[in-house]
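Spelled out from the first residue to the last, the chains are:
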Amino acid sequence: MAILKIARMGHPVLLARAAEVEDVLAPDARRLLADMVETLKDAGGVGLAAPQVFASARLFIFYVPDSRGEAMPLTAVFNPVVTPLGGETELGWEGCLSIPGLRAAVPRYRQVRLTGLGIEGEALDLVLEGFAARVVQHEADHLDGVMYPMRMHDFRYFGFNEEVDRYPMALPEEIL
Ligand code: NI
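Worth saying up front: this structure is predicted, and the values here are computed from it rather than measured. (Residues numbered from 1 in each chain as written. Predicted model: local features only at pLDDT ≥ 70, side-chain atom pairs only at ≥ 80, totals over all residues. Heavy atoms only, no water.)

Draft legend 1. Spotlight on the sheet that holds strand β6 (residues 111-117). Taken in spatial order, the five strands line up as β1-β2-β3-β6-β7 in an open sheet, and their pairing is antiparallel. Both outer strands of the open sheet, β1 (47-49) and β7 (123-129), are each paired with one neighbouring strand and no more. Direction aside, the axes of adjacent strands within the sheet are offset by 40 degrees on average. As judged from the three bridges shared by β1 and strand β2 (residues 59-64), these two strands associate in the antiparallel manner. Among the inter-strand pairings, Leu 48 is bridged to a residue of β2, identified as Ile 61. Along the sheet, helix α1 (residues 27-43) makes contact with β1, β2 and β3 (72-84), crossing β2 at roughly 35 degrees. Helix α2 (residues 130-143) contacts β1, β2, β3, β6 and β7 of the sheet and is inclined by roughly 160 degrees relative to β2. (Pairing = 2+ DSSP bridges. Helix = DSSP H or I, 4+ residues; strand = E, 2+ residues; numbered from the N terminus. Axes fitted to C-alpha atoms, helices over the stretch in contact; angles between N-to-C directions. Contact = heavy atoms within 4.5 Å.)

Draft legend 2. View of α1. Here α1 contains 17 residues, and its C-alpha end-to-end distance of 24 Å stays within 8% of the 24 Å for a straight helix at 1.5 Å per residue. Those residues of α1 that sit buried are Ala 29, Leu 32, Leu 33, Asp 35, Met 36, Val 37, Thr 39 and Leu 40. Packing partners of the buried residues in α1 comprise β1, β2 and β3. (Expected span 1.5 Å × (residues − 1). Buried < 20%, exposed > 50% of the residue type's maximum accessible area, 1.4 Å probe, protein only.)

Draft legend 3. Focus on the coordination of the nickel ion. Coordination of the nickel ion by the protein comes from Cys 96 (SG), His 138 (NE2) and His 142 (NE2), over a distance range of 2.1 to 2.2 Å. Summarised as a motif, the one-chain spacing of the donors to the nickel ion is C-x41-H-x3-H. Within this pair, His 138 and its partner His 142 are both found in helix α2, separated by four residues, close to a single helical turn. Each member of the pair, His 138 as well as His 142, carries the same accessibility label: buried. (Donors = N, O, S within 2.8 Å, 3.2 Å for Na, K, Ca; no water.)

Here it is as structure tokens:
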């Protein structure tokens, strides 16, 4: 296993559509997954998508810590499909390991269905809400070359972590 370098915004790998994973159990897919787990633990985020470690593969990993509502263990999803449930959206803060030091309020669907293949190639079918739904929308976007600033409507809610912590901003209920 290895800790991998994380691509930063501006690198074209983050703007490309990633390829389907043909064989989830193939040695290269297993190695990529193991390295991504190690990389995420080292980097300290809640999610990581394969293009962020320069791999064109439709794979992401994520977890939800206790502090963010209903905790979820580390989950790997190959060839994920995220489908909004209902049309309701909400603003929430998010960061990205490929945009270090910054944070923004990004509109996301409040509830989504996540399907794909799990860590051993088993079928996954989860309904997620709130922070978990936000994380999987963010990670699935990476597989289509979409970074969170491309989802933003209001750039006032975009700042450096230290400043956002120092000058907390209330987020509007209504998304314009
Ligand atoms: Ni990200």
